Amino acid sequence: MTTLSNTLTPNGQWLFADFWPLQQPPAWWQRVLLKSMYTFFGLLSGVQAKQLPAYKKHFDSLGFTEKYSQSFYSGMVQAKVLKREV
């Protein structure tokens, strides 16, 4: 994320979309789905991750603020527009 952040122009915006459950901790079916995806992709392509990154923590540490957000799939997926204040 730091590498991408460093390539963003001063007034650029980051369009981010990924699995990022609104409800914390996630609902049971979201936990099952995430575990299944990590297991499948771990076996198929060697993905070593076992849980979602702490996206908010990372965006906050890079100085980004949320300008727009929309959730999908019963709050399982979020799309966000973020901007770093310069």
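So, here is what we can say about the structure in this document. The structure presented is a predicted model; accordingly, all values stated were derived computationally and were not measured.

## Some details on the nonpolar core
In a soluble, globular protein the nonpolar side chains are often hidden away together inside.
Here comes step 1: Counting eight residues, the largest nonpolar core consists of Trp-14, Phe-16, Trp-20, Tyr-55, Phe-59, Leu-62, Phe-64 and Leu-82.
Here comes step 2: Those elements that place two or more of their residues in this core are strand E1 (13–19) and helix H3 (55–61).
Here comes step 3: The residues contacting Tyr-55, other than those within four sequence positions of it, are Met-1, Phe-16, Asp-18, Phe-19 and Trp-20.

## Comments concerning the pattern of salt bridges
Here comes step 1: One pass over the full model with this rule turns up two salt bridges.
Here comes step 2: With a closest N to O distance of 2.9 Å, Asp-60 and Lys-56 form a salt bridge. Separated by four residues within a single helix, Asp-60 and Lys-56 lie in helix H3, roughly one turn from each other.
Here comes step 3: Judged by relative accessible area, Lys-56 falls into the exposed class, the value being 52%.

## So, the sheet that holds strand E2 (residues 64–72)
Here comes step 1: Spatial strand order, E1-E3-E2: three strands in an open sheet with antiparallel pairing. Sheet topology places E1 and E2 at the edges, where each strand pairs with a single neighbour. Strand-to-strand twist in this sheet, taken as the mean axis angle between neighbours without regard to direction, amounts to 20°.
Here comes step 2: Bridge count for E2 against strand E3 (residues 77–84) is eight bridges, and the pairing is antiparallel. The partner of Gln-70 across the bridge, within E3, is Ala-79.

## Details of a nonpolar patch on the surface
Here comes step 1: Residues Phe-40, Phe-41, Leu-44 and Val-47 make up a contiguous nonpolar surface patch of about 390 Å² in total accessible area.
Here comes step 2: Among the secondary structure elements, Val-47 is positioned in the loop between helix H2 (28–45) and H3.
Here comes step 3: Judged by its relative accessible area of 35%, Val-47 falls in the partly exposed class.

Procedures and definitions
- All residue numbers refer to position in the chain's written sequence, counted from 1.
- Given that this is a predicted model, residues contribute local features only at a pLDDT of at least 70 and side-chain atom pairs are listed and counted only at 80 or more, while totals for whole chains, interfaces and linings are drawn from all residues.
- To obtain the side-chain values, all non-hydrogen atoms of the structure were included, while hydrogens and water were left out.
- Here, nonpolar core refers to any group of buried Ala, Val, Leu, Ile, Met, Phe, Trp, Tyr and Cys residues whose side-chain atoms link them within 4.5 Å.
- Throughout, exposure labels follow a simple rule: accessible area from a 1.4 Å probe, protein chains only, divided by the maximum for the residue type, with under 20% read as buried, over 50% as exposed, and the rest as partly exposed.
- Elements are defined by DSSP. Helices are runs of H or I of four residues or more, strands are runs of E of two residues or more, and each kind is numbered from the N terminus.
- In what follows, a contact means two residues having at least one pair of non-hydrogen atoms within 4.5 Å.
- By definition, a salt bridge exists where a carboxyl oxygen of Asp or Glu is found within 4 Å of a side-chain nitrogen of Lys or Arg.
- Being paired, for any two strands, means DSSP has found at least two bridges between them.
- For helices, the fitted line uses only the C-alpha atoms of the stretch in contact; every axis is such a line through C-alpha atoms, and the angle between N-to-C directions lies from 0 to 180 degrees.
- Patch building starts from residues that exceed 30% relative accessible area and form no salt bridge, then joins like charges within 9 Å and nonpolar side chains (Val, Leu, Ile, Met, Phe, Trp, Tyr) within 5 Å.
- Accessible surface is estimated by sampling points in the Shrake-Rupley manner with a 1.4 Å probe; for residues, cover comes only from the protein chains shown.

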